[in-house]
Amino acid sequence: MGKELFDSFVELREDDVIKIVQEKIESGEDAFAIAETCKNALIKIGDLFSKKEYFLSELVMSGEIFREIMEVLEPKLVGDEKEGNKIGKIVIGTVKGDIHDLGKNIMIGTLKGNGFEVYDLGVDVPPEKFVEKVKEVEPDILGMSCVISIGWDSLKETVEALKRADLRDKVKIILGGGGVDEEVATFAGADAAVKDAIEGVEQCKRWVSV
Amino acid sequence: MNLETEELYKQRKERIETTTNLKVPDRVPVIFSENEFAWGFANISQLEFMTDNEKMMMAYEKLFKTFQQDAAYFEPYLFDPLFTVIPVPCIIKIPGKDLPEDSPFQLVESEIMTEDDYKYASKKGYFRTLVKLLPKLRPEIPDVQNIFTERITRTVEDMRASSSNRQRFREWGIPLWNGGGMESPFSLLCLMRSYEKFCLDMYRRRDIVKQTVDKFIPEIVRMSLGGVKASGVPRAQIGLHRESSSTFSLKIFEEIALPMIKKLVELISKENVMTILHCDGDWTPNLEYLTELPKGKCILDLDDSTDIFKAKEILGDRMCIAGNLHEPLFAFSTPQKVEDYSKKLIDIVGEGGGFVLKGEPPRESKFENIMAMVNTAKNYGVYKY
């Protein structure tokens, strides 16, 4: 039965997945074990994405199916099971001057599915707000999204602000979004720039040594 | 028009036409998108460039006279917050109003069209759906549907202004790269539904998505050809911002986007107009599919996400390719690096003709980097056979 659920999820057969999860819950199966099967399916979907067999549209669909599954499972999960084991903490936002949030939201969904605790600051986030949140929650990683070139200076200003607050050495900084690449990362003083959510999550996992 | 600029205009026009027809011109043509760099270069604000015709034209004149590129990438239109909904059916944030004066206008992608609207859209087409959704798209404009339909019937004046701007381009010796164009039906639907909802639609209601895309095609062709007729330039640009492997799977591409592209090209080329496929995102895995398009009827306009060398290998004998100096290269690099990459493009993609050197310099570009690209085309891009 675990395999049937796993396969249905990997093949993104939404109706089948939800039906199987509901049947399992009704027959008294452990909700935590069902959630673990689904998380493994998400990891497999990420692998298929890395191999270019799946694309962003499949990641979005898998995120939606996972959300629906968790709606069914959450009332049955107890205590720490609701949160799951967190592997790292990340503060994330789209930089000042830029209001795009599509890629950032996909990244957040992927990070959560992979066990990260995520603090989303939204869009058009000024440097001081990033600094304030980093100070408050002491994350392992700061993620900044930037889609248009107007955000390049904001990236640099945020890194400078972290330096002034003596926080730069305490976090790894990852950049994402259509407007960034290695050259922009070097300009801004970030640690990495990634092309997509899966590459981003892999980089974050390496940093927290998972 | 003086003789010198008239001659330059003819030379440039011919250079582009020879290239887009897959023949070998005297040298590789060079073009770049102007709108991000022109206003700063002319010391005016982005808002002035977008809303003041004289200032916009002054900025274009300075740019063209300085760089002497082979064509204008954009048509000389002012920004119109209402009519921008036609190619970009999204809520927008406007510089000087919602954003700082020097910001570009930005989209807020949200679910403007609901899943229930598909039935209407698939029967009534794009334009009527757009009018239906206008109160959601421009909530700040009271009675927006009536204002929109009234104004659209008075576009003759706007067209006159645009025609006068085009005439001035010509007087400066600058032809237009594209004569008209529109966003593709697939991308329009994606923008109206929002990317995430449109992904879910692919799994939950793919049939009606396909029907709606099909319904939109003739209208989009008519709109694109309308611009071509007004400008007299036989190239129509179709914006393909959401079709690539960066956003949707190859299966979805194969089933919905590819048949749409084929139909668009077929209908546009019936009018002896070439389709510029403006391809955003990574098209590398999609390139093989484009071999199904008719030879010599399209131009592949690529950004740096696609492997342009692979594109040459797969499609070089079928369609002209334009591309692909990337944004950060203009801002953070050196003239030498720009020259090196431009030479590589000219050597490989320019082999045998059918190549336009193109870049998209951002506002932060260094003058000397843009100049390096233009000069490399002019000096190194000369065909010796």
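The structure contained in this document is the topic of the report that follows. (Residues numbered from 1 in each chain as written. Chains lettered and ligands numbered in written order. Predicted model: local features only at pLDDT ≥ 70, side-chain atom pairs only at ≥ 80, totals over all residues. Heavy atoms only, no water.)

1. Section: the overall build of chain B
In terms of regular secondary structure, chain B is built from 16 helices and nine strands. Computed over the C-alpha atoms, the radius of gyration of chain B is 20 Å, within 12% of the 21 Å expected from 2.2 N^0.38 for a compact globule of 385 residues. In terms of overall dimensions, chain B has C-alpha extents of about 60 × 45 × 40 Å along its principal axes. Residue burial in chain B is summarised as follows: out of 385 residues, 56% are buried. Across chain B, every contact between residues at least 6 apart in sequence was considered, and the portion connecting residues at least 24 apart equals 74%. Total accessible area on chain B stands at roughly 15400 Å², and carbon and sulfur atoms take up 51% of it. Once the 52 positive and 58 negative side-chain charges of chain B are each reduced to a mean point, those two points are 4 Å apart. (Helix = DSSP H or I, 4+ residues; strand = E, 2+ residues; numbered from the N terminus. Rg over C-alpha atoms; globule rule 2.2 N^0.38 Å. Buried < 20%, exposed > 50% of the residue type's maximum accessible area, 1.4 Å probe, protein only. Contact = heavy atoms within 4.5 Å. Areas by Shrake-Rupley, 256 points an atom, 1.4 Å probe, with all protein chains shown as cover. Lys, Arg positive; Asp, Glu negative; His and termini not counted. Charge placed at Lys NZ, Arg CZ, Asp CG, Glu CD.)

2. A few points about the sheet that holds strand S5 (residues 192-193) of chain A
Residues and elements named next belong to chain A. Sheet architecture is open: five strands sit in the order S2-S1-S3-S4-S5, paired in parallel fashion. Edge positions in the sheet fall to strand S2 (116-120) and S5, since each has one partner strand and no second. Of the strand pairs in this sheet, strand S1 (residues 88-94) and strand S3 (residues 141-145) are connected by five bridges, and their pairing is parallel. Opposite Gly93, over in S3, you have Met144 as the bridge partner. Packing of helix H7 (residues 152-164) onto the sheet brings it into contact with S3 and strand S4 (172-176), and relative to S3 it is tilted by some 160°. (Pairing = 2+ DSSP bridges. Axes fitted to C-alpha atoms, helices over the stretch in contact; angles between N-to-C directions.)

3. Remarks on the packing of helix H3 (residues 31-50) of chain A against helix H4 (residues 56-73) of chain A
Residues and elements named next belong to chain A. Contact pair H3 / H4: the axes reach a minimum separation of 10 Å and the direction vectors enclose 175°. With respect to H4, the element H3 is oriented roughly antiparallel. Here Ala31, Ile34, Ala35, Cys38, Lys39, Leu42, Ile45 and Phe49 of H3 come into contact with H4, specifically with Leu56, Leu59, Ser62, Phe66, Ile69 and Leu73. Tallied by class, residues from the contact of H3 with H4 come to 12 nonpolar, one polar and one charged. (Parallel < 35°, antiparallel > 145°, perpendicular 65-115°, else oblique. Nonpolar A, V, L, I, M, F, W, Y, C, P; charged D, E, K, R; others polar.)

4. Describing the side chain of A:Lys104
Residues and elements named next belong to chain A. Tracing the chain through its elements places Lys104 in helix H5 (residues 102-113). Among the residues examined, Lys104 registers a relative accessible area of 4% and is labelled buried. A distance of 3.1 Å separates the side chain of Lys104 from the side chain of Asn105, its partner in a polar contact. Sequence-distant contacts of Lys104, that is, excluding residues within four places in its chain, are made with Ile92, Gly93, Thr94, Asp120, Gly122, Val123 and Ser145. (Polar contact = N/O pair within 3.5 Å; in protein donor to acceptor, adjacent residues only side chain to side chain.)

5. Concerning the pattern of salt bridges
All told, the structure shown has 39 salt bridges over all chains when counted by the stated rule. A salt bridge links A:Asp16 to A:Arg13, with the shortest nitrogen-to-oxygen separation between them at 2.6 Å. Note on A:Asp16: relative accessible area 33%, which makes it partly exposed. Between B:Asp26 and B:Arg15 there is a salt bridge whose closest N-O contact spans 2.8 Å. Note that B:Asp26 is positioned in the loop between helix H1 (3-20) and strand S1 (30-32) and B:Arg15 in helix H1, a separation of 11 residues in sequence. With relative accessibility at 44%, the residue B:Asp26 sits in the partly exposed group. A relative accessible area of 7% places B:Arg15 in the buried class. One continuous salt-bridge network, built from bridges that share partners, spans A:Glu14, A:Glu64, A:Arg67, A:Glu68, A:Glu71 and B:Arg204. (Salt bridge = Lys/Arg side-chain N within 4 Å of Asp/Glu carboxyl O.)

6. Digging into the layout of surface pockets
Residues and elements named next belong to chain B. Within this model, the second largest pocket holds a volume of roughly 260 Å³. Along its surface, the second largest pocket is lined by 16 residues, and Tyr9, Arg166, Leu176, Ser231 and Val233 are the ones closest to its centre. When contributions to the lining of the second largest pocket are tallied by element, the ones reaching two or more residues are H1 and helix H8 (155-171). Residue contributions to the lining of the second largest pocket peak at five residues, all from H8. (1 Å grid on protein atoms, 1.4 Å probe; cavity = no way out; pocket = protein on both sides within 12 Å on 5 of 7 lines; lining within 4 Å. Points joined across faces, edges and corners; volume = space filled by probe spheres on them.)

7. A few points about the interface of chain B and chain A
Many structure descriptions define interface size as the accessible area lost when the parts assemble. Each partner contributes to the interface: chain B provides 32 residues, whereas chain A provides 24 residues. Taken over both partners, the interface formed by chain B and chain A buries close to 2400 Å², and the fraction arising from carbon and sulfur atoms is 65%. For chain B, the biggest contributors to the area lost against chain A are B:Gln106, B:Tyr203 and B:Phe332; these three give 27% of the whole. On inspection of chain B and its partner chain A, the count reaches three salt bridges. For the salt bridge of A:Glu64 with B:Arg204, the shortest nitrogen-to-oxygen distance reads 3.0 Å. The interface formed by chain B and chain A contains 13 residue pairs in polar contact (both at pLDDT 80 or more). Every element with two or more residues in the side of chain B that touches chain A is listed here: strand S3 (106-108), helix H10 (195-204), helix H12 (250-270) and helix H14 (327-332) of chain B. The greatest single-element share of the side of chain B that touches chain A, amounting to six residues, is contributed by H10(B). Considered class by class, the residues forming the side of chain B that touches chain A number 15 nonpolar, eight polar and nine charged. (Buried area = accessible area lost by both parts, 1.4 Å probe.)

Read these as spatial facts, not as claims about activity.
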